[in-house]
Amino acid sequence: MKKVILGAAMLISGVFGLVGWFIAGALTVQPGARSRVWGCLNGMEWTPVIAFLALAVYGLVLALKNAKD
């Protein structure tokens, strides 16, 4: 049960971090300059996005794997 809660917390943390990073990236450009959020991130700004995405996926896998027990 503890690992299910840990996995759920990791999933939520990863999703919140990912969304927050996208919002922060979108606020760095002028309104209307880019049509997609993906275009607002440049260069090394993709490193935290990948880390947050990996955290969310690992948390989901961990929670689903241990939910059977």
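This write-up is about the structure you can find in this document.

Definitions and cut-offs
- Residues numbered from 1 in each chain as written.
- Predicted model: local features only at pLDDT ≥ 70, side-chain atom pairs only at ≥ 80, totals over all residues.
- Heavy atoms only, no water.
- Helix = DSSP H or I, 4+ residues; strand = E, 2+ residues; numbered from the N terminus.
- Rg over C-alpha atoms; globule rule 2.2 N^0.38 Å.
- Contact = heavy atoms within 4.5 Å.
- Areas by Shrake-Rupley, 256 points an atom, 1.4 Å probe, with all protein chains shown as cover.
- Expected span 1.5 Å × (residues − 1).
- Buried < 20%, exposed > 50% of the residue type's maximum accessible area, 1.4 Å probe, protein only.

If you tally the helices and strands in the protein, you get 2 helices and 0 strands. Since a compact globule built from 69 residues should have a radius of gyration of about 11 Å, the 15 Å found for the protein marks it as more spread out than a globular shape. Along the first, second and third principal axes, the C-alpha atoms of the protein reach 50 × 20 × 15 Å. Expressed as a percentage of contacts within the protein between residues at least 6 apart in sequence, the contacts between residues at least 24 apart total 73%. Summed over all atoms, the accessible surface of the protein reaches about 5,200 Å², with 72% contributed by carbon and sulfur.

Further remarks concern the environment of Ala56. As for its placement among the helices and strands, Ala56 is situated in helix H2 (residues 46–67). With near-sequence residues (within four places) excluded, Ala56 lies in contact with Met10, Leu11, Gly14 and Val15.

Before going further, it helps to spend a moment on helix H1 (residues 2–26). For an α-helix the count is 3.6 residues per turn, leaving residues at separations of three or four pointing the same way. Look at H1: 36 Å from first C-alpha to last across 25 residues, which is about the 36 Å you get at 1.5 Å a residue. Along H1, the positions that sit buried rather than exposed are Gly7, Met10, Gly14, Gly17, Leu18, Phe22 and Gly25. In this structure, the buried residues of H1 make contact with H2.

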